[in-house]
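One-letter residues, chain by chain:
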Amino acid sequence: MTIQTPSFDALMEITARPPIVFVRGEGAWLWDDSGRRYLDFVQGWAVNCLGHAPALVADALAEQAGLLLTPSPAFYNAPAIALAEALVAQSCFDRVFFTNSGAEAIEGAIKLARKYGALHRGGAHEIITFDGGFHGRTLAAMSASGKKAFEPLFEPKVSGFPKARLNDLESVKALIGNRTVAVMLEPIQGEAGVRPATVEFLQALRALTSAHGLLLVVDEIQTGIGRTGTLFAYEQAVITPDLMTIGKGIGGGVPLGALLATEAASCFEHGDQGGTYNGNPLMCAVGVAVLRQIGRPAFLRAVREAGEFLRSELQRLSARHGLGEVRGRGLLLALDLQRPIGGAVLAQARQGGLLLNAPRPDALRFMPALDVTRDEIAAMISILDGVLGDVLGGVAAP
Ligand SMILES: *Cc1c(COP(=O)(O)O)cnc(C)c1O
C-alpha cells in the first residue's frame, strides 16, 4: 500500500502536533497510518479510562444508536436518568447536569455559584481559584485558570476569579470578602505538573468555606472516575464539597461531562441553563456502561495496585538516573525531571514507540488506561529507561 504524505493545511493550527496520523487504537496501543504501533501513556489526556476503543463503549454506542439519539433536551430520556441516578448513588451529590465537555461543566459550576450568590449571598459573585489551576478553554474557564500563559490572552477576561496559592490557607482567607461566593480547585492540579492539594488543606478549606457560607467546588475532570484510586479524589480527604465537575474519564473516550451539586446548592431556575446536546442519550448510555465498570470495588482496588506498581517503578527509574520526586495518586503520576528535558524525552520516546506527556518542560505525566497491566507498565518503564539514558547523555548512575 502506498501512503501519501498527508496535508494538514485544512486544519487550524492550534498546537504543534507530530506529523503522525493515528488510525486505530486497542487498549494500551495506538497504530498510525503506516502500521507503526505505539504504547500510549497519554490516553487522550486521561480520557480513555478503559483504553482505546473498548468493546464496552462500542457496544453501548451501537445499541443506543439504534434506539434513540436525541429526543431534545426539553424531554427526559432513559440513559440520562440512569446515569444521573448512578452518579448520585456513588457520590455525595444529589443533582446532575450533563455537558459535552469539561469546560462546559466548569461554565455551569461558575453560573450555578453566581446564581447561588444572587439568591443567598446578596449578589456575591467572586470565585477564589488557584495559581497553577486549569479549568478549561472557554473564556470563563480560562479566566478561572491560574495558568501564566493564559494571562495575556483574549483580554478582557471574565472578572471575579481572585487567585490564592495551593496548600496555603492564609492566602485563601486573605481573599475572602463580601463579594466571595465560592472556592474552586482541582484536588490534584494536573496541568501544573500533578501537584496534589494536601488532605489537611482540603479539610481546612471545607471548614473555612462552611464557616463563611461559601460553596466549595471540586474540579474532578481529571481526578474523577477512578483516576486517583477512588471513584472521586475528594473521598480521600473525607470531605463533602457542594459542587463537582467531571469530564474526561466518564465518557471513556466520547465527549461527556457533568456538573453535580448537593440539593442545597442546586439552585438553577428554568431558563438559567441548558444546551442542545446536554444529556443526550447516546453519550449518557456510554457513561452508564463506563461507570458500571469503574465503580466496582475490585476495579478501583486494581487501579490502586497498578498505581503503586507504576509509582515504585518510576521511583526506581528516578534513583537510577538521578531525577526528582514522583508525585500524584493512583494512575495520575508525575516524574520530576529537575531539568527542562521534557520535550526531548517526549520526542525520543515517540521514536521508540512510546507516547508520553510533559505538562511542564521539567515533568513527565503518566495517565495510562485505568486497566493498564503490569506488563504494559514494565514495557513503558523499559523504553523510558533507555530514553532517559540517551537524553541524559548515557551517564546513568548504576
Ligand atoms: C481537561 C480539564 C478541563 C477541561 O476539560 P475539556 O473537556 O477539555 O473542556 C478542566 N479542568 C481540568 C482539571 C481538566 O483536566
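Residues numbered from 1 in each chain as written. Predicted model: local features only at pLDDT ≥ 70, side-chain atom pairs only at ≥ 80, totals over all residues. Heavy atoms only, no water.

**Q** Quick rundown of the overall build of the protein? Include the residues and the values.
**A** Assigned secondary structure in the protein consists of 11 helices and 17 strands. Compactness check: the protein gives a C-alpha radius of gyration of 21 Å against a globular reference of 21 Å for 398 residues, within 12% of the reference. Here the protein holds 398 residues, and the buried ones make up 52% of them. The long-range fraction of contacts in the protein, counting pairs at least 24 apart against all pairs at least 6 apart in sequence, stands at 71%. Here the protein displays about 17700 Å² of accessible surface, and carbon together with sulfur accounts for 55% of that area. Side chains of the protein carry 35 positive and 39 negative charges; the gap between the two charge centres is 3 Å. (Helix = DSSP H or I, 4+ residues; strand = E, 2+ residues; numbered from the N terminus. Rg over C-alpha atoms; globule rule 2.2 N^0.38 Å. Buried < 20%, exposed > 50% of the residue type's maximum accessible area, 1.4 Å probe, protein only. Contact = heavy atoms within 4.5 Å. Areas by Shrake-Rupley, 256 points an atom, 1.4 Å probe, with all protein chains shown as cover. Lys, Arg positive; Asp, Glu negative; His and termini not counted. Charge placed at Lys NZ, Arg CZ, Asp CG, Glu CD.)

**Q** Explain unusual backbone geometry to me, and be specific about the residues and the numbers.
**A** Across the junction of Glu 155 and Pro 156, the peptide omega takes the value -5°, indicating a cis bond. Locating Pro 156 in the fold gives a position in the loop between helix H5 (139-144) and strand E6 (163-164). Phi at Phe 154 takes a positive value of approximately 55°, unusual for a residue other than glycine. Summarising the element assignment, Phe 154 is placed in the loop between H5 and E6. With a phi angle near 60°, Gln 338 is a residue other than glycine that sits in the positive phi range. For Gln 338, the location among the structural elements is in the loop between strand E14 (332-336) and helix H10 (342-351).

**Q** Go over the domain arrangement of the protein, please, and point to the residues and values.
**A** Along its sequence, the protein is organised into domain 1 (22-54 + 297-393) and domain 2 (55-294). Averaged C-alpha coordinates put domain 1 and domain 2 at centres separated by 26 Å. The interface is formed by 27 residues belonging to domain 1 together with 30 residues belonging to domain 2. Counting each side, the surface lost to burial between domain 1 and domain 2 is near 2500 Å², with a carbon and sulfur contribution of 59%. When residues of domain 1 are sorted by the area they lose upon contact with domain 2, Pro 54, Arg 329 and Leu 332 head the list and together hold 28% of the total. (Domains from an automatic or database assignment. Buried area = accessible area lost by both parts, 1.4 Å probe.)

**Q** Any details on the nonpolar core? Residues and values, ideally.
**A** If you look at the biggest cluster of nonpolar residues, it comprises 82 residues, and the most contacted ones within it are Val 172, Leu 185, Ile 294, Phe 366 and Leu 384. The leading source of residues in this core is helix H8 (residues 281-294), at 9 residues. When residues of this core are assigned to domains, at least three map to each of domain 1 (22-54 + 297-393) and domain 2 (55-294). Apart from residues lying up to four places away in sequence, Ile 294 is in contact with Cys 49, Leu 50, Ile 225, Gly 226, Leu 231, Phe 299, Leu 300 and Leu 370. Listed in part, the 24 residues of the second largest apolar core include Ile 110, Ile 127, Phe 161 and Val 217. (Core = buried A, V, L, I, M, F, W, Y, C linked by side-chain atoms within 4.5 Å.)

**Q** Residue-level account of the packing of aromatic side chains, with values.
**A** Enumeration over the complete set of coordinates arrives at 5 aromatic pairs. Ring centres of Phe 130 and Phe 201 lie 5.9 Å apart, and the angle between their planes is 85°; on these two criteria the pair is classed as edge-to-face. Of this pair, Phe 130 sits in strand E5 (residues 126-130) while Phe 201 sits in helix H7 (residues 199-212), placing them 71 residues apart in sequence. Each ring, one from Phe 232 and one from Tyr 234, has its centre 5.9 Å from the other, and the planes form 5°; the classification is stacked. Exposure class is identical for Phe 232 and Tyr 234. Each is buried. The structure contains a cluster of three or more aromatic residues connected by ring pairs, namely Phe 93, Phe 232 and Tyr 234. The aromatic ring of Trp 29 is capped on one face by Arg 37, whose charged end is 3.5 Å from the ring centroid. Sitting above the plane of the Phe 309 ring, Arg 374 keeps its charged end 3.9 Å from the centroid. (Phe/Tyr/Trp six-rings, centres within 6.5 Å; stacked < 30°, edge-to-face > 60°. Lys NZ or Arg CZ within 6 Å of the ring centre and 35° of its normal.)

**Q** Just give me the short version of the sheet that holds strand E17 (residues 363-366), but keep the residues and values in it.
**A** The antiparallel open sheet is built from 4 strands, whose spatial order is E13-E14-E17-E16. At either margin of the open sheet sits one strand with a lone partner, and together these are strand E13 (326-329) and strand E16 (357-360). Neighbour to neighbour, the strand axes of the sheet diverge by 30° on average, direction disregarded. Pairing geometry for E16 and E17, over 2 bridges, is antiparallel. What sits directly across from Asn 357, in E17, is Arg 365. Along the sheet, helix H9 (residues 297-321) makes contact with E13, E14 and E17, crossing E14 at roughly 5°. (Pairing = 2+ DSSP bridges. Axes fitted to C-alpha atoms, helices over the stretch in contact; angles between N-to-C directions.)

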